[in-house]
Amino acid sequence: MPPPLPLEVSGRRFRPAVMWLIGFGLLWLHLPVAAQQENRQPSRARSVTASGQPTGSPAPVSSLPADSQATPNRTRSEINLAAAHELLDLTGFPSLVKQTSIKVLRKEIRKRPEMREAGTILRELLEDRISTQIISEEMAKYLADRFDEQELRQLKAILDTSTGRKMFTSFETLPTDDRVREASYLDLFDEQEKKEFQTFYRLTVFRRFSDYTLALLRIGIQSFEEQFKLQGKEFVRELVLRPREQQPRP
């Protein structure tokens, strides 16, 4: 854990609070992925194949709109990237990465009385200086390199259901490869949604997506971490300069 936070009463008193938060944040940001990989208890996998014919299948790839073809003004990679952004906008995955990270950091702030005075300043750093758009851009690039437009639109159809939305309510419900094969994962859904999930699980594109979900989470956390480190240093510099700027000039 980071060292005890020193107290200061000068005009630079918020600097140690911000630097401590950065140190704690960079430590914590590595934990969600590591925890999933190392601390998860193994469970017996259960097949999710239904005996009956489930309903709720997404539109087949062949039914996708024909006007999404590449044109001289739009390359295939640009089209894939746009489709990846649409998928991320639908799921809110980048926002989930940011807000969950901030939630954990805020919880740690509340546990430390010496940081309460800096609460407003630290909220400015976390809420205003960390860009969800940048997180989304990095995650979209990752998806666009691994799925084409038709696959991304099929994934969008899958995730634009009550079943799909429940998969992105928290880090603990994300459809990672190991998680979707666990018996307990189906407890997330009601009976109709379980049938939908069984349909989705049969699709190669969904299973491929679950293979990449953990890596996609890692990409989002890494983007948050890089912004946090960069913006934190700049923020500290501004905090040091603010009292000077507020002093009356001779």
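Scroll up to find the structure this text is about.
This paragraph deals with the overall build of the protein. If you tally the helices and strands in the protein, you get 11 helices and 0 strands. Shown N-terminal to C-terminal, the secondary structure of the protein runs as helices and strands in the order α-α-α-α-α-α-α-α-α-α-α. Burial status across the protein gives 44% buried among its 250 residues. For the protein, the share of sequence-separated contacts (at least 6 apart) that also reach a separation of at least 24 residues comes to 81%. For the protein, the accessible surface area stands at approximately 13800 Å², while carbon and sulfur atoms represent 51% of it.

This part is about the packing of helix 3 (residues 76-91) against helix 6 (residues 132-144). The geometry of helix 3 relative to helix 6 is characterised by a closest axis approach of 8 Å and an angle of 120° between their N-to-C directions. Taken together, helix 3 and helix 6 sit at an angle that is classed as oblique. Crossing handedness for the pair helix 3 and helix 6: right-handed. In this structure, helix 3 contributes Asn80, Leu81, Ala84, His85, Leu87 and Leu88 to the contact, and helix 6 contributes Ser136, Glu137, Met139, Ala140, Lys141, Leu143 and Ala144. Taken together, the residues that form the contact of helix 3 with helix 6 break down as 8 nonpolar, 3 polar and 2 charged.

All right, on to helix 3 then. For helix 3, which comprises 16 residues, the first-to-last C-alpha distance of 23 Å matches the rise-based estimate of 22 Å (1.5 Å per residue) to within 8%. Within the span of helix 3, buried status applies to Ile79, Asn80, Ala83, Ala84, His85, Leu87, Leu88 and Thr91. Once helix 3 finishes, glycine 92 follows within two positions and takes phi at roughly 70°, a positive value.

Quick notes on the rules
- Per chain, the residues get numbers from 1 upward, laid out in the order the sequence is written.
- Given that the model is predicted, a residue must reach a pLDDT of at least 70 before its local features are reported, and side-chain atom pairs must reach 80 or more before they are shown or counted; all residues, however, enter totals for whole chains, interfaces and linings.
- Side-chain metrics rest on all non-hydrogen atoms present in the structure, leaving aside hydrogens and water.
- Elements are defined by DSSP. Helices are runs of H or I of four residues or more, strands are runs of E of two residues or more, and each kind is numbered from the N terminus.
- Partly exposed describes any residue whose relative accessible area lies between the buried limit of under 20% and the exposed limit of over 50%, with all areas from a 1.4 Å probe on protein chains only and scaled to the type maximum.
- Here a residue-residue contact requires only that any non-hydrogen atoms of the pair lie within 4.5 Å.
- Residue burial considers only the protein chains on display, and all accessible areas are found by Shrake-Rupley using a 1.4 Å probe.
- For helices, the fitted line uses only the C-alpha atoms of the stretch in contact; every axis is such a line through C-alpha atoms, and the angle between N-to-C directions lies from 0 to 180 degrees.
- When an angle is under 35 degrees it counts as roughly parallel; over 145 it counts as roughly antiparallel; between 65 and 115 it counts as roughly perpendicular; any other value is oblique.
- Rotating anticlockwise by less than a right angle from the far helix to the near helix defines a left-handed crossing, while the corresponding clockwise rotation defines a right-handed one.
- Gly is placed with the polar residues, together with every amino acid not listed as nonpolar (Ala, Val, Leu, Ile, Met, Phe, Trp, Tyr, Cys and Pro) or charged (Asp, Glu, Lys and Arg).
- To estimate how far a helix should extend, the number of its residues minus one is multiplied by 1.5 Å.

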